[in-house]
Amino acid sequence: MPGLGTTYGRGGATASPKDLLNSDAILIMGSNMAENHPVGFQWVMEAKEQHGAKVIHVDPRFSRTSAVANIWMPLRAGSDILFLGALIRYVLENELFFREYVLHYTNASVIIPEDFKDTEELGGIFSGWNAEKKSYNPESWLYEGVERDGKTQPAAPEGAHGGHAQHGANASPDLNNYKQDLTLQHPRCVFQLLRKHFGRYTPEMVEQYCGVSKDAFLDAAKTFCEASGPDKTGAICYALGWTQHSSGVQMIRCAAILQLLLGNMGRPGGGIIALRGHASIQGSTDVPTLYDILPGYLSMPKFGEESKSLANYIAKYGARTGWWNNLDKYIVSFLKAYYGEAARAENDFGFHWLPRVTGDHSHQGYWLDMLDGKMDGLFVMGQNPAVAGPNSGMERRGLAKLKWLVVREMVETETASFWYASPEVKRGELKTEEIQTEVFLLPAAGHAEKYGTFTNTQRLLQWREKAVDPPGDCRSENWFMYHLGVNLKEKAKRDPRARNAGLLALTWNYSTEGKHREVVAEEILQEINGRTIDNDELVPGFTSLKADGSTACGCWIYAGVFPKRGENRANERASKDFHGHGWGFAWPSDRRVLYNRASARPDGKPWSERKKLVWWDGESKKWTGNDVPDFVATKPPDYQPPANSVGDAALAGDKPFILHADGFGWIWVPVGLNDGPLPAHYEPLESPVRNPIYPERQSNPVAERKARPGNEYATSPDRKFPFVLTTYRLTEHHTAGGMSRTLSHLAELQPEMFCEISVELAEQLSITPGEWVTIVTARGAIEAHALVTPRMQMLTIEGKPVHQVGLPFHWGYSGLVKGDSGNDLVAISEEPNVRIMETKGLLCNVIRGKRETNLKAIQDLRPEKG
């Protein structure tokens, strides 16, 4: 989550859903929280009904979230930055920002160099743009006074992004050497640049291009901004409705800037809740299933100078000031956890054994490689890309070019059966007898059939016990990966090539139990927690980690979850207070509200009695309160760093955002993002309108379309594809449906694929409720039942009607209930920071009748070649 990571320092929800009880206003955008996160939504309802919080929902569809909100506004999918930018402008123009908070806790006062040029001056691009490489050199985004060494790079040099790494935003430049204007009047201070940048994001622009009336916008802006100040706070909740856009990171950045201006960060009832869609999606980025980061958001080394030595890597990603000055401790302890006794100072602790990022190894990248015949095999575990991936039909064709495919699942998913049951096989586009892919379907254990931890939306590790043994040959992921590793290491022993040295050095000495030799899961959590090597004692927290090879730690942010043997804090179930201390373990260090130093004034006293959280106790000389301080507990609020201080000691006592090298919350991101220091409105890669802010730049210039035969795009606008398509989830099904369409009770609740269209669109196309329609994009065509409903409203954009089509994506060709996959319509594209595809704002057409009756019409809509 680089939108949050670059703004605040960490890529995670800043508080828990329960903390919404403290909110005076809650803005939900990019999420249908009531239906997709119903357990967490209970706190929204309680905040509204019992505490009078105002709930604002902004979404293309009227949903159950909208039904209970105080204010609902439909907007055109993909116009979110226009809306949010107008909110930022509203705050600035009406002097509603929390001045003392902004002045002390953000970089609003910092001066930017004279050679920086904004999008307003350069027709929709920032200074540093390289048209040939389609990337930025961000040196002109650095602070005035920061020495430039000519080496500052975007987060994704040469196509290998590093946006997930938290420390990437502090790499190279010494950002603590800055000039500032505490009056906020200097024309090149961040505050004034922000005001100028969003000057054209007006309520009138929102009305004309988002489809939200001026009066409705102003009502929502007033409602949310009134919940700000010493005695009030507002929170923002979002989900995939923001992230799955070609400018998704910058949408989140808008929200993050807004929360800094209003003084809502680090305070009870404030913050940003990044709603995670599964039980451990947060955990799968903390201990990552991502190609570009190591556990704890350490950057995976990229091929080049930084990968030649551990010292180069630390110099590249460490920071002289701020918490990332400790990078050497975390990476060395990580390498010791990986390679044990084989990791020694004289061999850079095995750093050269780590893989290198050499290009685009994301889901989209390697599927394109697969299509081009560059991949031999694939393991698929916990995913169903044959219907869940973007441009699913193209992904199924890619699977047919593999030599082998291993699928671990509880049922036979579409990915496992593509070779005989896919639509391409049924239509004769692929032939089973010609597909050379050897498919291995291995039965997997369910979550109730194995021990382990989940890390949820609020960064909370919770241990789960095994309820029953898995049936038959079903096995856990731990079992599979452990025994696969044992076999690979045995094979490597017989192969003396240097390429196997890292595998042979890998520590793999876990205990097993039971007749199937299942790994003892608590040992894995202890390895993740970390230990002191000499005495084998578990470390109590990440401040105990060393850079000399005397400690080993699998994931530094989790240190403290297992502080000593017999004390598994993830398994604690005795909540002691409102924030839940005593129930599970929230990283880091069981801090439930991140950046909570900002809940106190610069002098350490609470902003107000009603909103107090942590504060400075002058008598005991430490920070105390209702949460674990996200700050050095003994650093007084009036602390001033001595000259030449390093690390956290270089940050003053009134700098809450300790992972940043300057201690500020970043309204302006000087380094760490690929598409600009401030958010800018770009239209989706397919749009019904031209960009009203920057006519010269229609879409995000750094986003990658990956256009090729089979992955074509509509023009913007396009008379063949006049309607906006947005995808969404239902409560009754889980992602692409592999786990829910096989369950009779859930299949019965949502048995058939459908699309939602407005009453006006149905009248225009002579569609009756329930009849079959075909939805077509430049990539493909699917069929669904028409759900004609006023929940989808016709919008007026540029004085003309614009219709939006809502499409769930839970169906496929396996299971008790079947239907076309909505993801067949989505393009393979990449947002420039995290490489996620755009699914929430596309162009489509809708035709009456089933697919097979519309083949000629579908063909006529296909984009022209060349």
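Further up the page is the structure itself.
Let us look at the structure shown here. Every value quoted in this text rests on a predicted model; they were computed, and no experiment measured them. (Residues numbered from 1 in each chain as written. Predicted model: local features only at pLDDT ≥ 70, side-chain atom pairs only at ≥ 80, totals over all residues. Heavy atoms only, no water.)

To continue, consider the overall build of the chain. Regarding its fold elements, the chain presents 26 helices and 30 strands. What you see for the chain is a C-alpha radius of gyration of 26 Å, in line with the 29 Å of a compact globule of 866 residues. Once the C-alpha set of the chain is aligned to its principal axes, its extents read approximately 80 × 70 × 55 Å. In the chain, which comprises 866 residues, the share counted as buried stands at 62%. Look at the contacts in the chain between residues 6 or more apart in sequence, and 71% of them connect residues 24 or more apart. If you average the places of the 95 positive and of the 104 negative side-chain charges in the chain, the two averages end up 1 Å apart. (Helix = DSSP H or I, 4+ residues; strand = E, 2+ residues; numbered from the N terminus. Rg over C-alpha atoms; globule rule 2.2 N^0.38 Å. Buried < 20%, exposed > 50% of the residue type's maximum accessible area, 1.4 Å probe, protein only. Contact = heavy atoms within 4.5 Å. Lys, Arg positive; Asp, Glu negative; His and termini not counted. Charge placed at Lys NZ, Arg CZ, Asp CG, Glu CD.)

Take the environment of Ile-273 next. On the secondary structure map, Ile-273 appears in strand β7 (residues 272-274). The exposure class of Ile-273 is buried, given its relative accessible area of 1%. C-alpha of Ile-273 to C-alpha of Glu-513: the two residues are 240 residues apart in sequence and 39 Å apart in space. Those residues in contact with Ile-273, other than ones at most four positions away along the chain, are Ala-13, Ala-15, Ser-16, Leu-20, Ile-236, Cys-237, Tyr-238 and Thr-457.

Let's shift gears to the environment of Gly-780. With respect to the helices and strands, Gly-780 occurs in the loop between β25 (772-776) and β26 (781-788). Placed 387 residues apart in sequence, Gly-780 and Gly-393 show a C-alpha to C-alpha distance of 8.0 Å. Not counting chain neighbours up to four residues away, the residues in contact with Gly-780 comprise Ile-775, Asp-824, Leu-825 and Arg-862.

A word on the packing of aromatic side chains. In this structure the tally under the stated criterion is 43 aromatic pairs. Centroid distance Tyr-297 to Trp-587: 6.2 Å. Interplanar angle 40°. Geometry classified as tilted. You can see Tyr-297 sitting in the loop between β8 (293-294) and β9 (298-299) and its partner Trp-587 sitting in the loop between β20 (585-586) and β21 (614-617), a full 290 residues away along the chain. Across the pair, Trp-587 and Tyr-297 agree in class, each one buried. An aromatic cluster of at least three residues, connected via ring pairs, comprises Phe-116, Phe-126, Trp-129, Tyr-136, Trp-141 and Trp-668. (Phe/Tyr/Trp six-rings, centres within 6.5 Å; stacked < 30°, edge-to-face > 60°.)

Treat this as a map of the structure, not an account of what it does.
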